[in-house]
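Architecture at a glance
Given next are the chains, with one letter for each unit.
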Amino acid sequence: MELPSNAPTNGWYNILPAPGPAVRLTGRLRVPWVVVGAGVTGLAAARQLATHFPQQQIALVDAERIGFGTSGRNSGFVLDQIFLSTHPPARNLAVAQRRMRLCDGGLNALKRLVSQHDIDCDWHEWGKLHVAAVAEGNAGLERQIQGLQTLNVPYRFMDGDEVAAITGSQYYGGGLKTQGTALVNPAALCRGLARSLPENVTVFEQTPVHDLVRGQISRLVSKNGEILADQVIICANAFSPTLGIARNAIVPAVVYASLTRPLTTSEQAKIGGEAGGFGLLPISMNGSTIQRTPHGRILVRNTVGYGPADTSSTVRLAAARSNHAASLVKRWPSLNAGMIEHTWGGLIGVARNQGHLFGRLDRGLWASAACNGVYGMSGGTMAGILIADLIAGKSSDLLSDQLEIPKPSWLPPEPFLSALFRLKNSALAAAVQSGARKLAVSH
Ligand SMILES: Cc1cc2nc3c(=O)[nH]c(=O)nc-3n(C[C@H](O)[C@H](O)[C@H](O)COP(=O)(O)OP(=O)(O)OC[C@H]3O[C@@H](n4cnc5c(N)ncnc54)[C@H](O)[C@@H]3O)c2cc1C
C-alpha cells in the first residue's frame, strides 16, 4: 500500500482561499502522543486527547494539507443516520441502532464546534432527501421506508412534483425527506477544525509517515524527521496497512465527485428549485449523490475506482467527469458539461461486513479505521472522540455502542482483492461493492 497522493483537483478545497504555509516535521520530536491522519477522525481524536491531557503535547501528522484528503473531498453530507439497502436495519437492528446513535453523536459534536469556533463552512441543517428516479419505480423507496420505520426515523414522503419543487428537476419520481443531516463544504470544515484545536496539539502537514517502528517508545519516520512517542493513534483509514495495521480488512475504493461553477442567477432561475441549497441521496446503488450549495454550485457524486492510484489517474478522472456531466444534464437539461469546474477522486476504506477497526491493537498502539464510505464525517468524528475516551479510561453509552460494532471481516490479499473488486458476479465482490455504495456509472 502506498502513501496518500491525491490529485490537486478537489473542488471544495480549490474554491477556498489558499492556505498559509504548511508546518512540516523536521528533525526529531519527542512527544507522549502522536495521531497519524488529520481527516475528521484524527482531528477529533487529537482534540479529545488534548482535552483529557491538557498538560501533554499531542502531534497530529498528515501526509497532505488539511482538507486536501478524503475528509475534505467528499459530498459534504454530515449524516445523522444512514443505512444501505443491501444492509437493511432489520437484518441486525442492534448494530443499526448503535450506528445511528454514533452518527448522531458525531453530528452534534461537529455542530457544537462549528458554532463555538464560528467555522465558516456553509453548515446548513437542511436534512437529506432520499430520491428515486422515475425510471426506478417505487420498490426502492418502499424498502427505504421500511428501514426508516424500523429505526423510528421520522420521514416525509414526497411525490415527483414535490421533489421537483425542491430540485427543479423532473428526473425523480419521488423521495423521502428526513431531518438532521447537515450539508457543508467539507474542506472548509476540516480547516476550521484544525485551526481551532487546543494549544497542546501541533499539526504537521505534508509529513507522510513512511515507517512505524514499534517499541516501548515508537518511532514514526518521515522524510525530513521523526517522532518518538509513547502512544500512537492511527487514523489513516484506507492507508492504515502502510503502517502495518488493518491488513486484509479494508478495501481501498475510490469514489469520484464533480463541482460546477456557480450558476448565474438566470441559470438558477431557469432550473428553479430551492436556491438556498439541498442534498439528495440516491435510493439506487447506481445513483448519484447531489448537493446544491448555497452559492449556486452543484456537486455530483457517482463512479468508482480501486486503490490509491485511481484517485489521481487522469483517465479515470476524465471518465468520471463525463459520467457526472451526463448525470447533471439528465437532471437539468438546461445545464451543460462545460459548467463542471472541478472533478476529483477520494479513497475510502470499506470493510466487507461494514465493520470498524477500533480500539487498542497493542501496547501503546490504537486505531480507528474503515469509514465504509457512507457515514465517515459524523461516524469518523465520533470514533475519534471515543478512541481518546477509551485511552483516557472514560466510559459512556456511546463508547459501549462503538465497542459493539463488529470488527472488519477477513478479505483476501492482493492481487486477489483487486481482481475480486472488479468481478461482478461473486458474493464477495457484491458485498464489497455495495459497501462502497456504488457501482457502475451511468444513471
Ligand atoms: C467522493 C466522496 C464522497 C463522500 N461523501 C460522503 C458524505 O457525503 N458524507 C460522509 O459522511 N462521508 C462521505 N464520504 C466518506 C468520508 O469522506 C470518509 O468516510 C471520511 O473522510 C473518513 O474520515 P477519516 O478521517 O477516517 O479518513 P480520511 O479522511 O481518509 O483521513 C485519513 C488521513 O490520514 C492521512 N494519512 C494516511 N496515511 C498517512 C501516513 N502514512 N502518514 C501521514 N498521514 C497519513 C491522509 O492524508 C488523510 O488525510 C465520501 C468520500 C468520497 C471520496
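This structure is a prediction, so every number in the text was calculated from the model and none was measured.

1. Thoughts on the confidence of the model for the protein
- When pLDDT is averaged along the protein, the result is 93; 95% of the residues meet or exceed 70.
- Note that pLDDT drops below 50 for residues 435–443; the model gives that stretch 43 contacts with residues more than four away or on any other chain.

2. What to know about the nonpolar core
- In terms of nonpolar packing, the biggest core is built from 49 residues, with V35, L49, L60, W123 and I233 touching the most fellow members.
- Only β1 (27–36), α2 (40–52), β2 (58–61), α3 (93–116), α6 (186–195), β8 (201–204) and α10 (376–392) provide two or more residues apiece to this core.
- The greatest single-element share of this core, amounting to eight residues, is contributed by α10.
- Those residues in contact with L49 that lie beyond four places of it in its chain are W33, V35, I58, I233, A388 and I391.
- A59, L212, L347 and A367 belong to the second-largest nonpolar core, a separate cluster that totals 34 residues.

3. Quick notes on the site of the ligand
- Neighbouring the ligand are 35 residues, the closest being T41, D62, S71, F77 and M377.
- In the model, an oxygen atom of the ligand is placed 2.6 Å from a nitrogen or oxygen of the D62 side chain.
- The separation between a nitrogen atom of the ligand and a polar main-chain atom of A63 is 3.0 Å.
- If the ligand stood free it would expose 990 Å²; the protein chains cover 96% of that surface.
- For the shell around the ligand, the secondary-structure elements that each account for two or more residues are α2, β16 (340–350) and α10.
- Along the lines of polarity and charge, the residues of the shell around the ligand split into 19 nonpolar, 13 polar and three charged.

4. Remarks on the sheet that holds β16
- One open sheet holds the eight strands; their spatial order is β5-β6-β4-β13-β14-β15-β12-β16, and the pairing between them is mixed. Lying at the two open borders of the sheet, with one neighbouring strand each, are β5 (156–159) and β16. The mean angle between the axes of side-by-side strands here comes to 25°, regardless of whether they run parallel or antiparallel.
- The pairing of strand β13 (residues 278–282) with strand β14 (residues 289–292) spans three bridges and is antiparallel. Across the sheet, residue F278 finds its bridge partner in β14, namely R292.
- Across the sheet, helix α4 (residues 139–150) lies against β4 (128–133), β5 and β6 (172–178), angled at about 10° from β6, the strand it touches most.
- Packing against the sheet, helix α5 (residues 160–167) makes contact with β4, β5, β6, β13 and β14, and its axis sits at approximately 90° to β5.

5. What to know about the pairing of β2
- Neither face of β2 is left uncovered, since the one carrying I58 and L60 and the one carrying A59 and V61 both have all their residues buried.
- Two elements, β1 and β2, share four bridges in a ladder whose sense is parallel. Of the residues in β2, the one forming a bridge with V35 is L60.
- Following the chain from β1 across α2 to the adjacent parallel β2, one finds a crossover that is right-handed.
- Across four bridges, the pairing between β2 and β8 is parallel.

6. As for the side chain of S240
- Examined against the element boundaries, S240 turns out to sit in the loop between β11 (225–234) and β12 (251–260).
- Here S240 falls in the buried class, since its relative accessible area comes to 0%.
- Excluding anything up to four places from it in sequence, S240 contacts I234, I245, A246 and A369.

7. Here we look at the pattern of salt bridges
- This structure, assessed with the given rule, holds 12 salt bridges.
- A salt bridge links R156 to E162; the nearest nitrogen and oxygen atoms lie 3.2 Å apart.
- Put simply, D362 and R214 hold a salt bridge, and the shortest N to O gap is 3.4 Å. Remark: R214 occurs in the loop between β9 (211–213) and β10 (218–222) and D362 occurs in strand β17 (residues 357–362); sequence separation between them is 148 residues.
- Its relative accessible area of 31% is what places R214 among the partly exposed residues.

What counts and how
- Starting from 1, residues in each chain are numbered consecutively following that chain's sequence as written.
- Thresholds applied to this predicted model are a pLDDT of at least 70 for local features of residues and 80 or more for the giving and counting of side-chain atom pairs; totals over whole chains, interfaces and linings are not thresholded and use all residues.
- Remark: hydrogens and water are excluded; side-chain values derive from all non-hydrogen atoms of the structure.
- pLDDT is defined as a per-residue confidence score from the predictor, taking values between 0 and 100.
- Note on contacts: a residue pair is in contact if any heavy atoms of the two residues lie within 4.5 Å.
- The criterion is simple. A nonpolar core is a set of buried Ala, Val, Leu, Ile, Met, Phe, Trp, Tyr and Cys residues joined through side-chain atoms within 4.5 Å.
- Each residue's exposure class comes from its accessible area (1.4 Å probe, protein chains only) as a fraction of the maximum for that residue type: buried when under 20%, exposed when over 50%, partly exposed otherwise.
- Strands are runs of DSSP state E lasting at least two residues, helices are runs of H or I lasting at least four, and both sets are numbered from the N terminus onward.
- Here, proximity means that at least one heavy atom of the residue falls within 4 Å of the molecule or strand.
- Between N or O atoms, a polar contact is any pair within 3.5 Å; within protein, one atom must be a potential hydrogen donor and the other a potential acceptor, and residues adjacent in sequence are included only when both atoms are from side chains.
- Residue burial considers only the protein chains on display, and all accessible areas are found by Shrake-Rupley using a 1.4 Å probe.
- Any residue outside Ala, Val, Leu, Ile, Met, Phe, Trp, Tyr, Cys, Pro, Asp, Glu, Lys and Arg is labelled polar, Gly included; the first ten of those are nonpolar and the last four are charged.
- Strand pairing is assigned whenever DSSP identifies at least 2 bridges connecting the two strands.
- Angles here are taken between N-to-C directions and fall from 0 to 180 degrees, while the axes themselves are lines fitted to C-alpha atoms, restricted in helices to the stretch in contact.
- Crossover handedness is defined by viewing with both strands directed away from the observer: a clockwise path from the first strand over the helix to the second marks the crossover as right-handed.
- One speaks of a salt bridge when a side-chain nitrogen belonging to Lys or Arg is within 4 Å of a carboxyl oxygen belonging to Asp or Glu.

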